[in-house]
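# Summary of the model geometry
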Amino acid sequence: MLTKTGIPTQADLDSSWPSEEALDKGPVAVFECFQHIPCDPCHAACKFGAVQGFKDINDLPQVIHEKCNGCGACVTRCPGLAIFIVDRTYGETQGVVRLPFEYLPLPEVGEEVDALDREGNVVGVGRAVRVVKDPRLGTPVVWLAVDTTLLRTARNLRLRRGASA
(Lines give C-alpha, C1' and ligand atoms only; values in the text may rest on other atoms or scores of the structure.)
Protein backbone atom coordinates (compact mmCIF):
# COMPACT_ATOMS: atom_id res chain seq x y z
CA MET A 1 0.00 0.00 0.00
CA LEU A 2 2.73 2.49 0.97
CA THR A 3 4.62 2.13 -2.32
CA LYS A 4 1.43 2.61 -4.36
CA THR A 5 -0.29 5.43 -2.44
CA GLY A 6 2.33 6.89 -0.11
CA ILE A 7 -0.01 6.13 2.78
CA PRO A 8 1.04 3.57 5.42
CA THR A 9 -1.27 0.72 6.33
CA GLN A 10 -3.00 0.59 9.71
CA ALA A 11 -0.72 -2.32 10.63
CA ASP A 12 2.34 -0.14 9.90
CA LEU A 13 0.93 2.66 12.02
CA ASP A 14 0.01 0.33 14.87
CA SER A 15 3.55 -1.07 14.90
CA SER A 16 5.02 2.40 15.44
CA TRP A 17 2.58 3.59 18.13
CA PRO A 18 3.97 3.90 21.68
CA SER A 19 2.64 1.82 24.56
CA GLU A 20 -0.09 3.18 26.82
CA GLU A 21 2.49 3.43 29.62
CA ALA A 22 4.81 5.60 27.49
CA LEU A 23 1.89 7.82 26.43
CA ASP A 24 0.81 8.25 30.06
CA LYS A 25 4.25 9.60 31.02
CA GLY A 26 4.16 12.59 28.66
CA PRO A 27 5.55 13.54 25.24
CA VAL A 28 6.96 10.66 23.21
CA ALA A 29 8.23 10.23 19.65
CA VAL A 30 6.24 8.39 17.00
CA PHE A 31 8.34 7.18 14.05
CA GLU A 32 6.32 6.70 10.88
CA CYS A 33 9.38 5.61 8.92
CA PHE A 34 8.43 2.50 6.96
CA GLN A 35 10.82 2.39 4.00
CA HIS A 36 14.24 0.79 4.00
CA ILE A 37 16.37 3.68 2.76
CA PRO A 38 19.89 4.83 3.71
CA CYS A 39 19.14 7.22 6.57
CA ASP A 40 20.10 7.49 10.25
CA PRO A 41 20.15 11.12 11.51
CA CYS A 42 17.49 10.30 14.12
CA HIS A 43 19.95 8.03 15.92
CA ALA A 44 22.66 10.70 16.03
CA ALA A 45 20.13 13.33 17.17
CA CYS A 46 18.88 11.31 20.16
CA LYS A 47 21.01 11.99 23.23
CA PHE A 48 18.88 9.70 25.43
CA GLY A 49 19.46 6.37 23.68
CA ALA A 50 15.82 6.05 22.63
CA VAL A 51 16.74 5.44 18.99
CA GLN A 52 18.83 2.29 18.79
CA GLY A 53 21.93 2.11 16.62
CA PHE A 54 21.58 0.80 13.10
CA LYS A 55 23.25 -2.47 12.08
CA ASP A 56 22.73 -1.39 8.46
CA ILE A 57 22.03 2.18 7.35
CA ASN A 58 19.00 0.87 5.41
CA ASP A 59 17.35 -0.53 8.54
CA LEU A 60 14.20 1.00 9.96
CA PRO A 61 14.69 2.95 13.18
CA GLN A 62 13.99 1.01 16.36
CA VAL A 63 12.68 3.20 19.17
CA ILE A 64 12.64 2.42 22.88
CA HIS A 65 9.68 4.61 23.82
CA GLU A 66 10.38 4.22 27.53
CA LYS A 67 13.69 6.07 27.05
CA CYS A 68 12.14 8.86 25.00
CA ASN A 69 11.43 12.13 26.80
CA GLY A 70 9.85 13.83 23.79
CA CYS A 71 12.62 16.42 23.35
CA GLY A 72 11.98 16.46 19.59
CA ALA A 73 15.60 16.59 18.39
CA CYS A 74 14.84 13.69 16.05
CA VAL A 75 11.88 15.53 14.48
CA THR A 76 14.00 18.40 13.20
CA ARG A 77 16.68 16.07 11.82
CA CYS A 78 14.45 13.67 9.88
CA PRO A 79 14.74 14.45 6.15
CA GLY A 80 11.62 12.38 5.47
CA LEU A 81 9.40 14.35 7.89
CA ALA A 82 8.43 10.96 9.35
CA ILE A 83 8.79 11.66 13.08
CA PHE A 84 6.20 13.30 15.34
CA ILE A 85 5.97 13.93 19.06
CA VAL A 86 2.61 13.18 20.67
CA ASP A 87 1.60 14.32 24.14
CA ARG A 88 -1.75 13.18 25.39
CA THR A 89 -1.00 14.62 28.86
CA TYR A 90 -1.33 18.20 27.54
CA GLY A 91 -4.92 18.58 28.81
CA GLU A 92 -8.05 16.69 29.76
CA THR A 93 -9.55 16.67 26.27
CA GLN A 94 -6.65 17.93 24.17
CA GLY A 95 -3.26 16.59 23.29
CA VAL A 96 -0.41 18.02 21.27
CA VAL A 97 1.15 16.72 18.08
CA ARG A 98 4.50 18.30 17.32
CA LEU A 99 4.92 18.07 13.60
CA PRO A 100 7.53 19.16 11.08
CA PHE A 101 6.19 21.91 8.84
CA GLU A 102 8.14 23.17 5.83
CA TYR A 103 5.56 25.46 4.26
CA LEU A 104 5.32 29.24 4.45
CA PRO A 105 3.76 31.07 6.02
CA LEU A 106 4.05 29.31 9.35
CA PRO A 107 0.99 29.48 11.61
CA GLU A 108 0.95 32.08 14.37
CA VAL A 109 0.79 30.97 18.01
CA GLY A 110 -2.88 30.75 18.97
CA GLU A 111 -4.07 30.46 15.35
CA GLU A 112 -6.79 27.92 14.57
CA VAL A 113 -5.96 25.66 11.62
CA ASP A 114 -7.43 22.63 9.90
CA ALA A 115 -5.88 19.41 11.21
CA LEU A 116 -5.15 17.06 8.32
CA ASP A 117 -4.61 13.31 8.13
CA ARG A 118 -1.88 11.58 6.12
CA GLU A 119 -3.94 11.89 2.93
CA GLY A 120 -4.58 15.62 3.36
CA ASN A 121 -8.18 15.24 4.52
CA VAL A 122 -9.50 17.58 7.20
CA VAL A 123 -10.07 15.56 10.38
CA GLY A 124 -10.70 18.40 12.83
CA VAL A 125 -9.61 21.75 14.14
CA GLY A 126 -6.25 22.39 15.72
CA ARG A 127 -4.59 25.35 17.38
CA ALA A 128 -0.93 26.23 17.07
CA VAL A 129 0.33 26.49 20.65
CA ARG A 130 4.01 26.88 19.79
CA VAL A 131 6.07 27.34 16.63
CA VAL A 132 9.79 26.52 16.78
CA LYS A 133 11.66 27.92 13.80
CA ASP A 134 15.33 28.13 14.76
CA PRO A 135 17.30 27.65 11.51
CA ARG A 136 20.11 25.93 13.44
CA LEU A 137 17.66 23.15 14.36
CA GLY A 138 16.52 22.42 10.81
CA THR A 139 12.87 21.98 9.92
CA PRO A 140 10.38 24.22 11.77
CA VAL A 141 8.13 22.36 14.21
CA VAL A 142 4.53 23.32 14.97
CA TRP A 143 3.00 22.25 18.27
CA LEU A 144 -0.60 21.53 17.30
CA ALA A 145 -3.22 21.16 20.04
CA VAL A 146 -5.99 18.82 18.93
CA ASP A 147 -8.71 16.72 20.50
CA THR A 148 -7.05 13.64 22.02
CA THR A 149 -9.01 11.45 19.59
CA LEU A 150 -6.93 12.99 16.76
CA LEU A 151 -3.47 12.21 18.14
CA ARG A 152 -3.13 9.14 15.94
CA THR A 153 -4.43 10.80 12.77
CA ALA A 154 -3.49 14.52 12.72
CA ARG A 155 -0.19 14.68 10.80
CA ASN A 156 -0.32 18.03 9.01
CA LEU A 157 -2.18 21.31 9.03
CA ARG A 158 -3.72 23.81 6.67
CA LEU A 159 -3.94 27.49 7.46
CA ARG A 160 -7.44 28.93 7.44
CA ARG A 161 -6.32 32.46 6.56
CA GLY A 162 -8.50 33.87 3.84
CA ALA A 163 -10.79 30.84 3.83
CA SER A 164 -14.50 31.56 3.67
CA ALA A 165 -16.60 30.33 6.58
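As a reminder, the structure under discussion sits directly above these lines.
Now for a quick tour of the structure. Source: prediction; values computed, not measured. (Residues numbered from 1 in each chain as written. Predicted model: local features only at pLDDT ≥ 70, side-chain atom pairs only at ≥ 80, totals over all residues. Heavy atoms only, no water.)

## As for empty space enclosed by the protein
Using the criterion set out here, one finds one cavity of 30 Å³ or more in the structure. Lining the largest cavity we find 16 residues, and of these C46, A50, C68, C71 and C74 sit closest to its centre. Residue assignment for the lining of the largest cavity shows that the elements contributing at least two residues are β1 (28-31) and α5 (73-77). When its residues are assigned to classes, the lining of the largest cavity shows 13 nonpolar, three polar and no charged. (1 Å grid on protein atoms, 1.4 Å probe; cavity = no way out; pocket = protein on both sides within 12 Å on 5 of 7 lines; lining within 4 Å. Points joined across faces, edges and corners; volume = space filled by probe spheres on them. Helix = DSSP H or I, 4+ residues; strand = E, 2+ residues; numbered from the N terminus. Nonpolar A, V, L, I, M, F, W, Y, C, P; charged D, E, K, R; others polar.)

## Side note on the packing of aromatic side chains
By the definition in use, this model includes one aromatic pair. For the ring pair F101 and Y103, a centre distance of 5.4 Å and an interplane angle of 70 degrees mean the geometry is edge-to-face. On the basis of relative accessible area, Y103 is assigned to the exposed category, the value being 54%. The ring of W143 carries the charged tip of R130 above its face, separated from the ring centre by 4.9 Å. (Phe/Tyr/Trp six-rings, centres within 6.5 Å; stacked < 30°, edge-to-face > 60°. Buried < 20%, exposed > 50% of the residue type's maximum accessible area, 1.4 Å probe, protein only. Lys NZ or Arg CZ within 6 Å of the ring centre and 35° of its normal.)

## Comments concerning the pairing of strand β3 (residues 94-100)
β3 sits mainly inside the fold: six of its seven residues count as buried. In this sheet, β3 lies alongside strand β2 (residues 83-87) in antiparallel orientation, the contact comprising three bridges. Looking at β3, one finds that I85 is bridged to R98. Linkage of β2 to β3, two consecutive antiparallel strands, is achieved through a turn of six residues. Strand direction decides the pairing type here: β3 and strand β6 (residues 141-147), joined by seven bridges, are antiparallel. In the strand pairing of β6, P100 is matched with V141. (Pairing = 2+ DSSP bridges.)

## Re the nonpolar core
Counting 38 residues, the largest nonpolar core has I83, L99, V146 and L157 as the members making the most contacts within it. In this structure L99 touches F84, P140, V141, V142, L144, R155, N156 and L157, once residues within four positions along its chain are discounted. (Core = buried A, V, L, I, M, F, W, Y, C linked by side-chain atoms within 4.5 Å. Contact = heavy atoms within 4.5 Å.)

Don't take any of this as a statement about function, it's just geometry.
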